Amino acid sequence: MKHITCIEDLRLLHKQRVPKAFFDYADRGSYAEETLRANREDLAQIKFRQRILVDVSKRSLSTTILGEPAAMPLILAPVGLLGMQHGDGEIYACRAAQAAGIPFTQSTMSICSIEDIAAAVDKPFWFQLYVMKDRGFIKALTERAIAAKCSALVLTVDLQVNGQRHQDIKNGMTVPPEWSLSKLIDFATKPAWVAGVLRGKRKTFGNLAGHMKGIDNITALATWISSQFDTTLSWKDLDWIRSIWPGKLVLKGILDVEDAEIAAKIGAQALVVSNHGGRQLDGAPSSIEVLPEIVDAVGSKMEIMFDGGIRSGQDVMRALALGAKSCMIGRAYAYGLGAAGEAGVAKAIDIIGNELLTTMGLCGINTIAEINDDALAV
Ligand SMILES: Cc1cc2nc3c(=O)[nH]c(=O)nc-3n(C[C@H](O)[C@H](O)[C@H](O)COP(=O)(O)O)c2cc1C
């Protein structure tokens, strides 16, 4: 992997090694992809102040996330279907995160189950919850996360209705999938991927399989899931979530100051400023555009995390300078996983950490706590 120097290299390798339908599932966004593009473009507009002749020999990335020590201000975001980017993908991503000293968040929509991951790693991970209509099932799922000693619940609040990704439909990632000759040829040209997925523990959504009688394939499960997203979900349900999850709670998918203010009142420890990586409301602002106003409104009351468009340590530095305490990455590590499994995820984390450390040095900054908007050129 010595020729891999940046996240884009991992992305290109992912594209080569994983069938098109799964690469596009990770890479693309909803509708016209305006918000997907805005996430990247708005980050790139933010310029740093280059500072010189400051002693930067004692730089450190270490920080705390939700009160726990972390090697750097980075979290692996919940990403559905990781086990289809690489067999047992959730386990490999979690191992890479834990080896690097940062949190991993398991998606509700994982291929490996909560128990599969818990059995394969030795430290707690975070669990991401989508609230579905079947509240008995959601309670049971939460109890499984408690039993597995998950150390935070990330409640995703921006997916009550599903944004459409055109490319998933064109690729036959729909229900039912369209099996075409081109798809079979694509699979046949990715033997390492096929072998990895075949060796993997599961081929369906591990957290949901077994819950619905007679539903044991990914297509039927996906149909069930899309019928299960609960459009009645409202702030009132947060009391119920609080009653079934006594631990640390993170609300993910907040983009509006009014919503952030309500979130601060319900006693969540943290929120993630996020537009789901441009996969939901197309035409929503980029996450970085709204970050400063959310930090101003509630940053003193709760921990502000950020995601959307992070592809480098420079991007992490930009978000921290605008008030985020840590950043989640989604695609950046999914590319690593598709490119080279656990080593690829480790590489993605390493690349971003090294870029952040260098950027701090060139801005005359030694610690994560010192990063603020002083680091930015106006
Ligand atoms: C392939 C893919 C699947 C995702 N699945 C989930 C999910 O199951 N739950 C969730 O809360 N967010 C999900 N997200 C959103 C990510 O958690 C995160 O918000 C987003 O990827 C951040 O943007 P970035 O990819 O530009 O880093 C997914 C994102 C991607 C790319």
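In short, a report on the structure.

Calculation rules
- Residues numbered from 1 in each chain as written.
- Predicted model: local features only at pLDDT ≥ 70, side-chain atom pairs only at ≥ 80, totals over all residues.
- Heavy atoms only, no water.
- Near = heavy atom within 4 Å.
- Polar contact = N/O pair within 3.5 Å; in protein donor to acceptor, adjacent residues only side chain to side chain.
- Areas by Shrake-Rupley, 256 points an atom, 1.4 Å probe, with all protein chains shown as cover.
- Nonpolar A, V, L, I, M, F, W, Y, C, P; charged D, E, K, R; others polar.
- Salt bridge = Lys/Arg side-chain N within 4 Å of Asp/Glu carboxyl O.
- Helix = DSSP H or I, 4+ residues; strand = E, 2+ residues; numbered from the N terminus.
- Buried < 20%, exposed > 50% of the residue type's maximum accessible area, 1.4 Å probe, protein only.
- Axes fitted to C-alpha atoms, helices over the stretch in contact; angles between N-to-C directions.
- Parallel < 35°, antiparallel > 145°, perpendicular 65-115°, else oblique.
- Contact = heavy atoms within 4.5 Å.

1. Overview of the site of the ligand
In step 1: The ligand sits among 22 residues. The nearest are P78, S107, Y130, T156 and D307.
In step 2: Within the side chain of H276, one N or O atom sits 3.3 Å away from a nitrogen atom of the ligand.
In step 3: Backbone polar atom of G309 to an oxygen atom of the ligand: 2.8 Å apart, as the coordinates give it.
In step 4: In isolation the ligand exposes 600 Å². Once the protein is present, 98% of that is buried.
In step 5: For the shell around the ligand, the per-class residue count stands at 7 nonpolar, 10 polar and 5 charged.

2. What about the pattern of salt bridges?
In step 1: Using the criterion set out here, one finds 15 salt bridges in the structure.
In step 2: The partner of E143 in a salt bridge is K139, with the nearest N and O atoms 2.9 Å apart. Taken together, the residues E143 and K139, both in helix α7 (residues 135-147) and 4 residues apart, mark about one turn of the helix.
In step 3: For R318, the salt bridge goes to D315, with nearest N and O atoms at 2.9 Å. Of this pair, R318 and D315 both sit in helix α15 (residues 313-321), separated by 3 residues, roughly a single helical turn. For the residue pair R318 and D315, the accessibility class agrees, reading buried in each case.

3. Examining the packing of helix α1 (residues 7-17) against helix α16 (residues 331-362)
In step 1: Following both chains from N to C, one finds α1 and α16 inclined at 175 degrees, their axes separated by 10 Å at the closest point. Comparing the axis directions of α1 and α16 gives the class roughly antiparallel. Contact residues: I7, L10, R11, L13, H14 and R17 in α1; A332, A334, Y335, G336, G338, A339, G344, K347, A348, I351 and I352 in α16.
In step 2: Residues belonging to the contact of α1 with α16 are distributed by class as follows: 10 nonpolar, 4 polar and 3 charged.

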